[in-house]
Amino acid sequence: MKRKIKNPAPDISYFRLSLMDFLRESHPERLKDHRFIIASADAATDAYEQAIRNGDHPIEATEQANAVLYNGLHFSKHDTLVNILWNEFANEVPEDNAKSIAMQLLPDCEPVFAQYPLSDDFAFEPEYELLYTELTGTIVLIIESRNQTAPFVIHNS
């Protein structure tokens, strides 16, 4: 006999929309990965329902579901680039354009990111400073190269 869940999970669209909102802000390059979004939302829903079946309070169940939903997403390449643009290139890059420029820079910066063991806690690791410095240098080279051939193009996304 299947037991009825007293506190049903928030509608799967809640987790999907929550994830999409987070991705839009911190991982815009992943917004088109519909399989990832659906799989993550489904896993979060399953985690919530399992927690409720185990007798957890809905607030605790939501915390567990969110841990599943955002697993592996706490470190953001995009946010790292935005912070570098804000901190190191404030005179060259208007703050309002930093997010769209970060999206343009991301493909050129991927080889730098690939050299580091990125994880949810990477921003708190000593290697983060090395990554930050290397990315800053890479961005300088990209901006100089683009300014010689054509002005750096700002696309609003």
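It should be noted that the structure appears before, not after, this text.
Enquirer: Break down the packing of aromatic side chains for me, with residues and values.
Expert: If you walk through the whole model with that rule in mind, you get seven aromatic pairs. Between Tyr14 and Phe15 the ring centres are 5.2 Å apart and the planes differ by 70°, which places this aromatic pair in the edge-to-face class. Seen in terms of ring centroids, Phe75 and Tyr128 are 6.3 Å apart; in terms of plane orientation they differ by 80°. Their pairing is edge-to-face. One end of the pair, Phe75, is in the loop between helix H3 (58–69) and helix H4 (77–88); the other, Tyr128, is in helix H6 (residues 127–149), with 53 residues separating them in the sequence. Assigned by exposure class, Phe75 and Tyr128 land together as buried. Pairwise contacts between aromatic rings join Phe75, Tyr116, Phe122, Tyr128 and Tyr132 into one cluster. Its guanidinium or amino end placed over the ring of Phe36, Arg30 lies 3.8 Å from that ring's centre, counting from NZ or CZ.

Enquirer: An account of the packing of H4 against helix H5 (residues 98–113) is needed here, citing residue identities and associated values.
Expert: Put simply, H4 and H5 touch, their axes get as near as 8 Å, and they point 115° apart. Viewed along their axes, H4 and H5 adopt a mutual orientation that is roughly perpendicular. H5 is crossed by H4, and the crossing has right-handed handedness. Contacts between H4 and H5 involve Lys77, His78, Leu81, Val82, Leu85 and Trp86 from the first element and Ala98, Lys99, Ile101, Ala102, Met103, Leu105, Leu106, Cys109, Glu110 and Phe113 from the second. When grouped by side-chain class, the residues that make up the contact of H4 with H5 number twelve nonpolar, one polar and three charged.

About the criteria used
By convention here, each chain's residues receive numbers from 1 onward along its written sequence. Local features in this predicted model are restricted to residues whose pLDDT is 70 or higher, and side-chain atom pairs enter the listing and the counts only when it is 80 or higher, whereas totals over whole chains, interfaces and linings include all residues. Water and hydrogen atoms play no part in the side-chain values, which are based on all heavy atoms of the structure. Put simply, two rings from Phe, Tyr or Trp (the six-membered ring, in Trp's case) pair if the centres are within 6.5 Å, and we call them stacked under 30 degrees between planes, edge-to-face over 60, tilted for the rest. The helix and strand labels rest on DSSP assignments: H or I over at least four residues marks a helix, E over at least two residues marks a strand, and numbering proceeds from the N terminus. Buried means the residue's accessible area, taken with a 1.4 Å probe over protein chains only, is under 20% of the maximum for its type, while exposed means over 50%, and partly exposed covers the values in between. The criterion is that NZ of a Lys, or CZ of an Arg, lies within 6 Å of the ring centre and within 35 degrees of the ring normal, and then a charge sits over that ring. Here, axes are lines fitted to C-alpha atoms. For helices the fit covers the stretch in contact, and angles between N-to-C directions go from 0 to 180 degrees. Should an angle lie under 35 degrees it is considered roughly parallel, over 145 roughly antiparallel, and from 65 to 115 roughly perpendicular; all remaining angles are considered oblique. In a left-handed crossing the near helix is turned counterclockwise from the far helix by less than a right angle, and in a right-handed crossing that turn is clockwise. In this description, contact between two residues means that some pair of their heavy atoms is separated by no more than 4.5 Å. Following the grouping adopted for this structure description, the nonpolar residues are Ala, Val, Leu, Ile, Met, Phe, Trp, Tyr, Cys and Pro, the charged ones are Asp, Glu, Lys and Arg, and the polar ones are all others, Gly among them.

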